[in-house]
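Here are the chains, one letter per residue:
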Amino acid sequence: MSTFSLKMEIADNRHYNGQQSPLFTIEEAEKARAFHTKVEGYQPTPLHSLDCLAKEIGVGKILVKDEAHRFDLCAFKMLGGAYAIARLLCDEFKLDINDFDFDKLKNDIPEKMTFATATDGNHGRGVAWAANKLGQNAVVYMPKGAADERVNNIRALGAECIVTDMNYDDTVRLAIKTAEENGWKVVQDTAWEGYTEIPTWIMQGYTTMAAEAVDQMKEQHIDRPTHVFLQAGVGAMAGGVLGYLCDQFGADKLHSVVVEPDQADCIYRSGISEKGDMVNVDGDLATIMVGLACGEPNPIGWPVLRDCSTQFVSCQDSVAALGMRVLGNPLGNDPRVVSGESGAVGAGMLAAVHYHPEREQLMEKLGLNKDSVILLINTEGDTDPVHYREVVWQGKHPTL
């Protein structure tokens, strides 16, 4: 592939110190997982081993935690939204989260509450799903350009869904303002001054998939991953999962790479900043990775990523498109993984490195070799089926 051309910026973390977070421990993860196991229909999502792809790339193992199979929502986000709403209701009605019961609480809530959030799609669907399960109301705001399929999925759960003419971060501000005016409860996966408890619960909810993956690795006789590639929008998923994995294995024993679209790379820019302060990105944030189209880091997640990430990557949309095609068209006996734009960028980066003219240098920079065990998280399936087919069938965003 001599004409292969794809832009990726890989930067070492200037501010790594390996300091682990007390918020995303094994103990907190087990609380969240205990809650999730009581939700009707719960089962761990698959951990696929792509052995033929690993051999092709020249590494030991490539493991994909496939969140396209999370309940019937095609994405991981309900893990955070449902857990946060449950914790919120426990606080409101003086209940113990360990005794939480969806059906009992649904009957005991004296009057309907309204939960409000802003979303690119998956988080809002998770909040709408949890509100629906509890017989409550949800109002979901989405940024301009939201796909019809994602809007319809939220409305199908009984939520009100409003598409704005703003980017994601401005849509968040609108949701907060409107909720305050109406006395609604905000369930948002980023934080700001005076609003930290609920986003912390959301991030702790995300640790369930990491805890499942650790158990599944043991079942496959794998001691631990040497690498984890985590995609980031505001950094809530990446921060929660990395915090848990570092508590499980130690930050110094895990080569962690945070990947973002180059049109919304606030974590990357924060990581290469002189002092390690959060750096915002503004504008339209025009990327196919809509779940990652966020310009302002989560101030709860950022300290974890700053202290424990090995490297940050800013990449073109074509990296994610490549990942969608690689996962959807597997080698040999590898299982097929249907991955949406935001879910596929980690696999896309691995493939992009493999086919890059400077492959050897990039492999060395990322510490990849024949003994590497790489954990990827497919955070979503084809939540926008029309665009999925445009990429995988029709070759949109080519790499040649």
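The model shown is predicted, which means the values in this text are computed figures rather than measured ones.

A. Expanded view of the overall build of the protein. Across its full length, the protein carries 15 helices and eleven strands. Against the 2.2 N^0.38 benchmark of 21 Å for 400 residues, the protein shows a C-alpha radius of gyration of 20 Å, consistent with a compact globule. Expressed as lengths along the three principal axes of its C-alpha atoms, the size of the protein is roughly 65 × 45 × 45 Å. The buried share of the protein, reckoned over its 400 residues, is 62%. At a minimum sequence separation of 6, the contacts of the protein that also span at least 24 residues come to 76%. Working note: accessible area of the protein is about 15700 Å², and carbon and sulfur atoms make up 45% of it.

B. Quick look at the pairing of strand 4 (residues 114-118). Extensive coverage of strand 4 is indicated by the burial of five of its five residues. With burial as the criterion, each face of strand 4 is covered, one bearing Thr114, Ala116 and Ala118 and the other bearing Phe115 and Thr117. With five bridges connecting them, strand 4 and strand 5 (residues 137-142) associate as parallel partners. Looking at strand 5, one finds that Thr114 is bridged to Asn137. After leaving strand 4, the chain enters helix 5 (residues 122-133) and then returns to the sheet as strand 5, a path that is right-handed. The pairing of strand 4 with strand 7 (residues 185-186) spans two bridges and is classified as parallel.

C. Here's a closer look at the pattern of salt bridges. One pass over the structure, following the stated rule, counts 22 salt bridges. Of the charged contacts in the structure, one is a salt bridge between Glu67 and Arg70, with a shortest N-O distance of 2.8 Å. Residue classification places Glu67 among the buried positions, given a relative accessible area of 0%. Lys77 serves as the salt-bridge partner of Asp189, at 2.9 Å between the closest nitrogen and oxygen. Of this pair, Asp189 sits in the loop between strand 7 and helix 8 (197-219) while Lys77 sits in the loop between strand 3 (61-66) and helix 3 (78-93); the two residues are 112 residues apart in sequence, bridging distant segments of the chain. Exposure class is identical for Asp189 and Lys77. Each is buried. A cluster of three or more residues bridged by salt bridges with shared partners is formed by Lys65, Glu67, Arg70 and Glu212.

D. A look at the sheet that holds strand 1 (residues 8-12). Pairing is mixed across the open sheet formed by seven strands, whose spatial order is 1-10-9-8-11-3-2. Single-partner strands in this sheet number two, and they are strand 1 and strand 2 (47-49). Sheet twist, expressed as the average angle between the axes of neighbouring strands with direction ignored, equals 20°. Here five bridges tie strand 9 (residues 255-261) to strand 10 (residues 311-315), and the two strands are oriented parallel to one another. Within strand 10, the position partnered with Glu260 by the bridge is Ser314. Contacts from helix 9 (residues 236-249) reach strand 8 (227-231), strand 9 and strand 11 (373-378), with the element oriented near 160° to strand 8.

E. Quick look at the environment of Ile10. Its place among the elements puts Ile10 in strand 1. What Ile10 contacts, discounting residues up to four positions off in sequence, is Gln311, Phe312, Val313, Met349, Leu362, Lys365 and Leu366.

F. Examining the sheet that holds strand 6 (residues 160-163) more closely. With parallel pairing, four strands are arranged side by side in an open sheet as 6-5-4-7. The two strands at the open ends of the sheet, each matched to only one other strand, are strand 6 and strand 7.

G. Local environment of the pairing of strand 5. Within strand 5, five of the six residues are buried, which leaves the element mostly enclosed by the surrounding structure. When strand 5 meets strand 6, the two strands line up parallel, connected through four bridges. Within the sheet, the bridge partner assigned to Val140 lies in strand 6 and is Cys161. At this point the chain moves from strand 5, through helix 6 (residues 148-155), to the parallel strand 6, and the crossover so formed is right-handed.

H. Expanded view of the environment of Ala351. Tracing the chain through its elements places Ala351 in helix 13 (residues 345-355). Separated by 298 residues in the primary sequence, Ala351 and Leu53 have C-alpha atoms spaced 9.1 Å apart. Not counting residues within four places of it along the chain, the set of residues in contact with Ala351 comprises Ile57, Leu322 and Val326.

I. Examining unusual backbone geometry more closely. Even without a glycine there, the phi angle at Lys94 is positive, about 55°. For Lys94, the position within the fold is in the loop between helix 3 and helix 4 (102-108). One non-glycine residue, His397, lies in positive phi territory at about 60°. Considering the arrangement of structural elements, one finds His397 in the segment after helix 15 (385-392).

Calculation rules
- Residues numbered from 1 in each chain as written.
- Predicted model: local features only at pLDDT ≥ 70, side-chain atom pairs only at ≥ 80, totals over all residues.
- Heavy atoms only, no water.
- Helix = DSSP H or I, 4+ residues; strand = E, 2+ residues; numbered from the N terminus.
- Rg over C-alpha atoms; globule rule 2.2 N^0.38 Å.
- Buried < 20%, exposed > 50% of the residue type's maximum accessible area, 1.4 Å probe, protein only.
- Contact = heavy atoms within 4.5 Å.
- Areas by Shrake-Rupley, 256 points an atom, 1.4 Å probe, with all protein chains shown as cover.
- Pairing = 2+ DSSP bridges.
- Right-handed = clockwise from strand over helix to strand, strands pointing away.
- Salt bridge = Lys/Arg side-chain N within 4 Å of Asp/Glu carboxyl O.
- Axes fitted to C-alpha atoms, helices over the stretch in contact; angles between N-to-C directions.

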